Amino acid sequence: MKLSFEILTQEEIQEIHNASIDVLENTGMRIESEELLAGLKKAGANVDEALKTVLFPGKLVEESLENNKQLLKNGKRIHLLNGVTSGLTGGSSIAAKFSGGCESYLDWGSRTIRKANSQELLNHIRIGEVLPEVDFVGNTIVLRKDFDGSTIDENIRRIKTAAVIAKNTRKPGSMEVWDTREIDFLVEIGMIARGGREKFYKNPCFVTAKETISPLFLDKQSGDILLMLAKKRLPCTIIPMPISGVSAPVTKLGNAIIGNAEIIGVITAIQAVCREAPVGGGSISGIMDMQTGAVSFSAPEAILQDIAIAEVHQKLYGLNYLIGSGYTDAKYPNSQVLAEKTMRSEEHTSELQSHSFISYAVFCLKKKKKVNIKKIIKNHMPLTSQIIRYST
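Residues numbered from 1 in each chain as written. Predicted model: local features only at pLDDT ≥ 70, side-chain atom pairs only at ≥ 80, totals over all residues. Heavy atoms only, no water.

Below, the discussion takes up the overall build of the chain. Check the secondary structure of the chain and you find 13 helices and 16 strands. Taking all 392 residues of the chain together, 56% fall into the buried category. Here the contacts in the chain between residues at least 6 apart in sequence split such that 73% fall between residues at least 24 apart. Here the chain has roughly 17,000 Å² of accessible surface; of this, 51% comes from carbon and sulfur atoms. (Helix = DSSP H or I, 4+ residues; strand = E, 2+ residues; numbered from the N terminus. Buried < 20%, exposed > 50% of the residue type's maximum accessible area, 1.4 Å probe, protein only. Contact = heavy atoms within 4.5 Å. Areas by Shrake-Rupley, 256 points an atom, 1.4 Å probe, with all protein chains shown as cover.)

Have a look at this one:
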């Protein structure tokens, strides 16, 4: 089953873009990477080096978006390794995905939360390897303990995790990157897993996206990692996580504007230094319940916010887009997870991913059952054309 629906008019798509440009021009972003700041200053942006803030000329942002589009037309490719990708990807088959980068996992048999360890990672890998419906086996958990029970040095945890995955599956997927010094080692492991340099660059693995810190902040670590990925011709993807009522306006369109501003701001920053690098975007937005203070990343409003930005990228920028499907509000694998995953993936059919636990049962349910998405959408307020401008 593939259900496609639209939540924005063409005028609203243009309004989100225009408002995003306005935010970048008048509020700007804080970017801590010195090399990105230097590149932006050289490109004509108004950079305050002391405060590490940037005001982006609208023309510079527009030129970067057009350059991104032209790179794809000229044969470059944006590899989106995380979440659910947009309809421009093509194809309607559903494939399961094992990933998440968790520090702990849910042991379904005992209903307990356990710390990541090598044997459990190996169990996850083996499940993904033998199931034909799974085509992507990444780091469901990041190792803390080795097979002999010894603690793994923090500086090589991701490298050790990637090595275990590479050794035990023919379907290597994504890997967390927390330090620029890890990248060369992860690339080398990826080349071995893929069977050579050419095959690796055609189908990269063992890298992942990075996130902004909403509102409008790209920290040094994430900025430097993204820039190095771009320079090495590796997947370079930015995923903001704005939360309505906390780090973004309470309206759905307001949230979409902040998220989109962060994405196109980072695209502009990366291309100010590395003009030949295509940069991808995605989002994992959330909402805060004003009565309880609880944050939800899978409420219908959050899904609508993400799909709104996806429509801007597909229809206006001509780019594939990534919607993070990893977070669920359910405590256990059940019909709630099914509804949340279906909502995110039917508009952008691709992979199925769980951030907290791996559940093949949920994947099977997704393939066999139908969820009345139209009814769910109808019961929640649609997006309106009201734009709330964000300012610091």
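From this point, the discussion proceeds with the structure in view.
This part takes up the sheet that holds strand β9 (residues 217-218). Reading across from one edge, β2-β3-β1-β9 is the order of the four strands in this open sheet, with mixed pairing throughout. Two strands lie at the open edges of the sheet, namely β2 (46-48) and β9, each paired on one side alone. Sheet topology note: the strand β1 (residues 29-31)/strand β3 (residues 53-55) ladder contains two bridges and is antiparallel. Looking across to β3, one finds that M29 is bridged to V54. (Pairing = 2+ DSSP bridges.)

Our next topic: unusual backbone geometry. Cis geometry is found at the peptide bond from S214 to P215, where omega equals 5 degrees. Relative to the helices and strands, P215 is located in the loop between α7 (197-202) and β9. Its identity is not glycine, yet F206 carries a phi of approximately 65 degrees, on the positive side. Locating F206 in the fold gives a position in the loop between α7 and β9. Residue F206 is classed as buried on the basis of its relative accessible area, which comes to 0%.

Centre distance and the angle of the planes are the two values used to describe a pair of aromatic rings. Counted according to the given criterion, the structure contains one aromatic pair. On the basis of an interplanar angle of 85 degrees and a centroid distance of 5.2 Å, the ring pair of F200 and Y201 is categorised as edge-to-face. Residues F200 and Y201 agree in their burial class; the two are buried. (Phe/Tyr/Trp six-rings, centres within 6.5 Å; stacked < 30°, edge-to-face > 60°.)

This part takes up the packing of helix α4 (residues 118-130) against helix α5 (residues 157-168). Contact pair α4 / α5: the axes reach a minimum separation of 10 Å and the direction vectors enclose 35 degrees. Where α4 crosses over α5, the handedness of that crossing is right-handed. On α5, the residues touching L121, L122, I125 and E129 of α4 are T161, V164, I165 and N168. In terms of residue class, the contact of α4 with α5 is built from five nonpolar, two polar and one charged. (Axes fitted to C-alpha atoms, helices over the stretch in contact; angles between N-to-C directions. Left-handed = near helix turned anticlockwise from the far one by under 90°. Nonpolar A, V, L, I, M, F, W, Y, C, P; charged D, E, K, R; others polar.)

So, about the sheet that holds strand β13 (residues 286-288). Strand order across the open sheet formed by three strands is β11-β13-β14, with mixed pairing between neighbours. Edge positions in the sheet fall to β11 (243-244) and β14 (295-296), since each of these pairs with one other strand and no more. Across the face of the sheet, helix α10 (residues 300-315) comes into contact with β11, β13 and β14 while running at roughly 140 degrees to β13.

Right, let's get into the pattern of salt bridges. Under the definition given, this model contains 17 salt bridges. For E276, the salt bridge identified is with K76, shortest N-O distance 3.8 Å. Residue E276 is located in the loop between α9 (252-273) and β12 (280-283), and its partner K76 is located in the loop between α3 (58-73) and β4 (84-85); the two are separated by 200 residues in the primary sequence. Salt-bridge contacts for R158 lead to E182; the nearest nitrogen and oxygen are separated by 2.7 Å. Of the two residues, R158 is situated in helix α5 and E182 in the loop between α5 and α6 (183-194); the sequence distance between them amounts to 24 residues. For R158, a relative accessible area of 4% gives the class buried. One connected set of salt bridges, linked through shared partners, spans E103, R144, E154, R157, R158 and E182. (Salt bridge = Lys/Arg side-chain N within 4 Å of Asp/Glu carboxyl O.)

Now for the state of the cysteines. Under the counting rule described, the total for this entry stands at zero disulfides. C236 provides the cysteine sulfur closest to C274, a residue in no disulfide bond, and the two sulfurs are 8.2 Å apart. Residue classification places C274 among the buried positions, given a relative accessible area of 15%. (Disulfide = S-S within 2.5 Å.)

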